[in-house]
Amino acid sequence: MQMGAAYIRVSKEEQMEYSPDAQLNGIHEYAKKNNIILSNEFIFKDEGIPGRSSKNRPAFQEMIRQAKTKPKPFDIILVHKFDRFARNKEDSVVYKSLLRKDCNIKVVSITEQMEDGKFAVILESMLEAMAEYYSLNLAEEVKKGLFEKARRGENIGKAPLGYELHDGKLVPHEIFSTTVKMIFELAKTESISKIVRVLNQTKTPSRYGGIWTPHTIKYILQNPAYYGVTRYNYREKGRRELQNDPSEWIIVESNHEPLISKENYDIVQDRLSKAEQIGRFNLSEKKIRSWLQHLLKCKNCGRTLTISTSNKDNYSSFRCSAASLGFEVCKSVCSVKKLEKIVLEKVMLDINDTSNIIIEKTSTQNTHELEGLKANLSKIKTKHTLVKNAYLAQIDTLEEYKHNKRKLSEEEENIKKEIERLSVKSDTKTLELDSFAEILNSTLDIEEKNKIAKQFIKEVQVDLKDKQIRIFYYV
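Residues numbered from 1 in each chain as written. Predicted model: local features only at pLDDT ≥ 70, side-chain atom pairs only at ≥ 80, totals over all residues. Heavy atoms only, no water.

K.L.:
I tried to follow the overall build of the protein chain on my own but got confused; where do I start?
P.N.:
The helix and strand tally for the protein chain stands at 14 helices and 17 strands. Considering the protein chain as a whole, with its 475 residues, one finds that 40% of them fall into the buried category. Contacts in the protein chain between residues at least 24 apart in sequence constitute 63% of all its contacts with a sequence separation of at least 6. Roughly 28,200 Å² of accessible area belongs to the protein chain as shown, and the carbon and sulfur atoms make up 51% of that amount. (Helix = DSSP H or I, 4+ residues; strand = E, 2+ residues; numbered from the N terminus. Buried < 20%, exposed > 50% of the residue type's maximum accessible area, 1.4 Å probe, protein only. Contact = heavy atoms within 4.5 Å. Areas by Shrake-Rupley, 256 points an atom, 1.4 Å probe, with all protein chains shown as cover.)

K.L.:
Just checking my understanding: could you explain the pairing of strand E5 (residues 163-166) for this structure?
P.N.:
The two faces of a sheet get side chains in turn, since along a regular strand they alternate between them. Of the strand pairs in this sheet, E5 and strand E6 (residues 169-172) are connected by four bridges, and their pairing is antiparallel. Within E6, the residue paired with His166 across the bridge is Lys169. Following E5, the chain reverses through two residues before pairing antiparallel with E6; Asp167 in that reversal takes a positive phi of roughly 55°. (Pairing = 2+ DSSP bridges.)

K.L.:
What should I look at first to understand the packing of aromatic side chains in this one?
P.N.:
How two aromatic rings sit relative to each other is set out by the distance from centre to centre and by the angle between their planes. In the structure shown here, the tally under the stated rule is seven aromatic pairs. Ring centres of Tyr163 and Tyr226 lie 6.1 Å apart, and the angle between their planes is 15°; this geometry places the pair in the stacked category. Highlighted residues: Tyr163 in strand E5 and Tyr226 in the loop between helix H8 (214-221) and strand E7 (229-232), separated in sequence by 63 residues. We note that Tyr163, like Tyr226, is buried. Look at Phe184 and Tyr265: their rings are 6.4 Å apart centre to centre, the planes differ by 40°, and that puts the pair in the tilted class. (Phe/Tyr/Trp six-rings, centres within 6.5 Å; stacked < 30°, edge-to-face > 60°.)

K.L.:
Can you walk me through helix H7 (residues 192-201) in this structure?
P.N.:
Along an α-helix, residues three or four positions apart point the same way, because every turn accommodates 3.6 residues. Within the sequence span of H7, burial applies to Ile192, Ile195, Val196, Leu199 and Asn200. For H7, the angular spread of buried residues about the axis comes to 125°, placing them on one side. Of the residues trailing H7, Lys203 is marked for its positive phi of about 55°. (Arc of directions from axis to C-beta.)

K.L.:
Please explain the sheet that holds strand E3 (residues 76-79) as it appears in this structure.
P.N.:
Backbone hydrogen bonds hold the strands of a sheet together, and the pairing may be parallel or antiparallel. Taken together, four strands build an open sheet; the order of strands is E2-E1-E3-E4 and the sheet is parallel. Every other strand in the sheet has two partners, leaving strand E2 (36-47) and strand E4 (106-109) as the edge strands with one partner each. Shown here is a sheet whose adjacent strand axes are inclined to one another by a mean of 25°, direction ignored. Against the sheet, helix H2 (residues 58-67) makes contact with strand E1 (2-10), E2 and E3, and its axis sits at roughly 145° relative to E2, the strand it touches most. (Axes fitted to C-alpha atoms, helices over the stretch in contact; angles between N-to-C directions.)

K.L.:
Explain the confidence of the model for the protein chain to me, please; I cannot follow it from the model alone.
P.N.:
As a note on interpretation, predicted positions should not be read in detail where pLDDT is low. For the protein chain, the mean per-residue pLDDT works out to 77, and 72% of the residues sit at or above 70. Element-level pLDDT for the protein chain is lowest in strand E9 (residues 239-243), with a mean of 55, against a maximum mean of 94 in helix H6 (residues 176-187). Per-residue pLDDT stays below 50 along residues 424-431; that stretch engages in 10 contacts with residues further than four places along the chain or on separate chains. (pLDDT = per-residue confidence, 0-100.)

K.L.:
When you look at the pattern of salt bridges in this model, what are you seeing that I'm missing?
P.N.:
Oppositely charged side chains can form a pair if their charged atoms are brought close together. Overall, the coordinates contain 10 salt bridges when judged by the stated rule. The residue Lys194 makes a salt bridge to Glu190 at a minimum N-O spacing of 3.7 Å. The partly exposed category is assigned to Glu190, whose relative accessible area is 28%. Residue Glu412 pairs with Lys416 through a salt bridge whose shortest N-O separation is 3.8 Å. Of the two residues, Glu412 and Lys416 are both situated in helix H12 (residues 398-428); the distance of four residues between them amounts to about one turn of the helix. The exposure class assigned to Lys416 is partly exposed, which follows from its relative accessible area of 40%. (Salt bridge = Lys/Arg side-chain N within 4 Å of Asp/Glu carboxyl O.)

Structure follows, in structure tokens:
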């Protein structure tokens, strides 16, 4: 008598053919005929989820987690078909190897019977390869369908702000359409930052109830859907911050009601283009103006304090970046020189009484990068084990095993070298806190002081209204 588990998966497109109930009924019948005890606590279901990647299937991950516990909770995992377990060949090999070799747990398809042995491994691999081909082909066909839909001017995805979907068609939203029209009207004469302040100060509702930001406004102003067209393939899939090349965009006339005219849209694009060119020019002129730059946080809202100048750069002050978004509570300012003096005095006090020092964590300038590299190194070790298991389970050939092992070893060596380089770099920059105070009082240029300050200070929380500060150190 064996203890069994069941894994059931169905995507939205497969609800009719592979319904969860149909899969479970078949698995129960198989378990009964083969003297397998199937407990309800070991029935794992991922419904409405594609099988391309195991990372996006929570029930699958929970099943694997439980399978790795000692003693093992079940001896066999039953699936309707092998493509229910995984449609991705890499996932299938990795997890079946892990289950078979490390956990002594078999994966059995109740509809694709095969005997144990070398031929079974080959046949199983062929079935998995066919399932992966089907999945890839299906994805390609879906992609073609979406592009064709876009070329017909139909909306794809969620409605942009200002519209809502009725039977798949964009129609103006009763409230947000007015907001979008106002944003474009303001953009004819005002900057994006001014539009943000106006919207936040007037408490104009946003789509999700949050605050308005320059990023949101810019995205709205650059969206051609508002003058009556469909734009598709604008951004890289899964990477919202990256745009595709304009030659890859699909922009065609649509049948939805425009909120603005094409003429107004072009006027705004022209203003945005000029503003961006000026911004890029100014960006090249910007430099570090204080050794505290990028270290100060507003105590009220947690946002970064930025430097603003006036009187032809004769006066510089720190202000909360939220002030530019229209928040009155963060409107206080403090001169750069005064705040530098306050922080330096606090550092001197902390040197004399280290009990006042707030230690955030042990760190150096390269801590985050080092942590990432060490995490990758740990993953490489896991991959070594999985590659070896795939060979021992006769899933990979000896040549494939040698090739994969060599690639992993090269990657491992490169990571180790980078860790060593960053560790040496960090050690050479470690200074004592009293030396830090001497540097801040020295004639060293501001940029160098700022770099060194970032090695000692994680952040400085500042209440600009009463000029109170709290320093969090790296030690």
